[in-house]
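# Examination of the molecular architecture
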Amino acid sequence: MNDMAGNTTQRAKAIARDAGAAGAPSPGAAPKVPKRIAATLLNSLKGGVVPRIGLPYITVGRKDEIAALLRDLELVSDGGASFRFIVGAYGSGKSFLLQTIRNHAMGNGFVVADADLSPERRLQGTRGQGLATYRELIRNLATKTKPEGGALTLILDRWVSGVRAQVVEDGVFPDAPDFSEQVERRIYAQVQALEEMVHGFDFARLLALYYRAHAQGDEELKSCVVKWFRGEYRTKTEARGELGVNICITDDDWYEYLKLFAAFLQGAGYAGLIVCIDELVNLCKIPNAVTRQYNYEKILAMYNDAMQGKARHLGIIMGGTPQSIEDRRRGVYSYEALRSRLSEGRFAREGLRDMMAPVIRLEPLTAEELFVLVEKLAAIHAGYFGYDQRLTGDDLAEFLRIELGRVGASTLITPREIIRDFIELLDILYQNPSVGVSELLKSDSFTFAQAPVGDVDAPVDEKYAEFTI
């Protein structure tokens, strides 16, 4: 067992170096994790949810997937558009991957919007569910300086300040009598390009109105403009009464405004807009077949825009389970126009994945990658609670051997379950220092997966053979 654990540790270090190349600190470097971030990581992971911060400290594997999505970011930054589906079972790491790319995008100058679909938030609906998704996306607008979301006002103010700075660079200073006129002229020049897009004229008009309110110090008018951009006006009459515009964002056209935002953000100094939409399974659960088809039609419209170059500086990533994509009765593939576009060709198979295809299917993490992951978590836990780490490499290997020895582990067990069990193990050991590690690992409640003593013919998944005795 010691030799096998040692071999696993060596391979784990190689995996750690690869993870570091993708932006994650190597465990060998023993990065010190701030207590606030460590607490968020441990609490979120034990609760089965993906933390919004600190992901580089625990990122392992997914090297190919991250590289493919980073190429998409380059395409979007260059003025193109991209569309990807991330497909994986519950707990397999698709939400983690989405958050990882979200952090990468913000760090590279993108604005990111993310939302989870639900019965109240869809892409299309008869009771405003599509508009509810738009509102959630805009509410969660995030930048590098405001990663927690709610960055719309910050973006608009930065845009106005940037235009004013450009006018100053041209030699017109704020105390000049024509300064405001020059700023307004430049703003109209910037937003003029938007007027060629669907609803672009009104969008540009609202941007100019925001600048005017900013220049005059009219906070009430600024709030009304922000309210309009958030999609919170319910009727055209209400918008006309407060802003003088005869249009408001609706359930049918909210996606057009995302394209407008992407074009505006690029002109405002950002690299583009990345939209992350998770929990596609909630579309699969819609009981009415016609309503499901309308939602898939919206996905088709987004996909076609990205692939045909109709959208610019816009990247869309959607996450779902295999059932939500591949089910021919209720999933995305039930809509023939999407199925024919997204289905794999004849040459892709296990071991030969096409990472440039629109659908990225997540493979299970390898045993070595899981070893690196629990090693990182053990170090973070010890650093947060301030104790000397008790778990050795042999202990980590033994833990994984037991976890991965469950019946059907190769297809059913997920990183979420392993992480949750491991953090629980760390918490128990910390709160009960008199309990030995080997005593806990070999207890009846944890050794349920071990083969009977002497059962040398017990089947072992080759993928996890290094953890068997």
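All values derive from a computational prediction rather than experimental measurement.

### As for the pairing of strand β3 (residues 273-278)
For β3, the tally of buried residues reaches six of six residues, placing the bulk of the element in the interior. Burial of the side chains of β3 extends over both faces: Leu273, Val275 and Ile277 are buried on one face and Ile274, Cys276 and Asp278 on the other. Here strand β2 (residues 111-116) pairs with β3 via six bridges, running parallel. Among the inter-strand pairings, Ala113 is bridged to a residue of β3, identified as Val275. For β3 and strand β4 (residues 314-320), the ladder comprises five bridges, and the chain directions are parallel. Residue pairing for β4: Val275 is matched across the bridge by Ile316.

### Some details on the packing of helix α5 (residues 129-139) against helix α11 (residues 254-267)
Packed helix pairs are characterised by how far apart their axes lie and by the angle those axes make with each other. Interaxial distance between α5 and α11 falls to 9 Å at its minimum, and their mutual angle equals 25°. As judged from the angle between their axes, α5 and α11 are roughly parallel. On α11, the residues that touch Gly130, Leu131, Tyr134, Leu137 and Ile138 of α5 are Trp254, Tyr257, Leu258 and Phe261. Of the residues contributing to the contact of α5 with α11, the split by class is eight nonpolar, one polar and no charged.

### Focus: unusual backbone geometry
With a phi angle near 55°, Arg62 is a residue other than glycine that sits in the positive phi range. Even without glycine at this site, His199 takes up a positive phi of about 65°. As for its placement among the helices and strands, His199 is situated in the loop between α7 (179-192) and α8 (200-216). Since its relative accessible area comes to 25%, His199 is described here as partly exposed.

### A word on the packing of aromatic side chains
Taken as a whole and judged by the stated rule, the model has 13 aromatic pairs. Ring geometry for Tyr384 versus Phe385: centroids 4.8 Å apart, planes at 80°, classification edge-to-face. Taking relative accessible area as the criterion, Phe385 reaches 31% and is therefore assigned partly exposed. Cluster of aromatic residues (ring-pair linked, three or more members): Trp159, Phe203, Trp228, Phe229, Tyr257, Phe261 and Phe264. The ring of Tyr270 has Arg158 sitting right over it, with the charged end atom 4.4 Å from the ring centre. In this structure, Lys227 packs its charged tip against the face of Tyr233, placed 4.6 Å from the ring centre.

So, how was this worked out
- Every chain begins its residue count from 1, and numbering advances along the sequence as written.
- Only residues with pLDDT of at least 70 are given local features in this predicted model, and only at 80 or more are side-chain atom pairs given and counted; all residues enter the totals for whole chains, interfaces and linings.
- Each side-chain value is worked out from all heavy atoms of the structure, with water and hydrogens disregarded.
- When a residue's accessible area, from a 1.4 Å probe over protein chains only, is under 20% of the maximum for its type it is buried; when over 50% it is exposed; and in between it is partly exposed.
- Put simply, DSSP H or I for four residues or longer makes a helix, DSSP E for two residues or longer makes a strand, and each gets a number counted from the N terminus.
- Should DSSP find at least two bridges between two strands, the strands are regarded as paired.
- Here an axis means a line fitted to C-alpha atoms, over the contact stretch when the element is a helix, while the angle between two N-to-C directions is reported on a 0 to 180 degree scale.
- An angle counts as roughly parallel when it lies under 35 degrees, as roughly antiparallel when it exceeds 145, as roughly perpendicular when it falls between 65 and 115, and as oblique in every other case.
- By definition in these notes, contact holds between two residues if any of their heavy atoms fall within 4.5 Å.
- Only Asp, Glu, Lys and Arg are considered charged in this grouping, and only Ala, Val, Leu, Ile, Met, Phe, Trp, Tyr, Cys and Pro are considered nonpolar; every other residue, Gly among them, is considered polar.
- Two rings belonging to Phe, Tyr or Trp (six-membered ring only in the last case) form a pair when the distance between their centres is within 6.5 Å. Interplanar angles under 30 degrees mark stacking, angles over 60 mark edge-to-face geometry, and anything in between is tilted.
- The criterion is that NZ of a Lys, or CZ of an Arg, lies within 6 Å of the ring centre and within 35 degrees of the ring normal, and then a charge sits over that ring.

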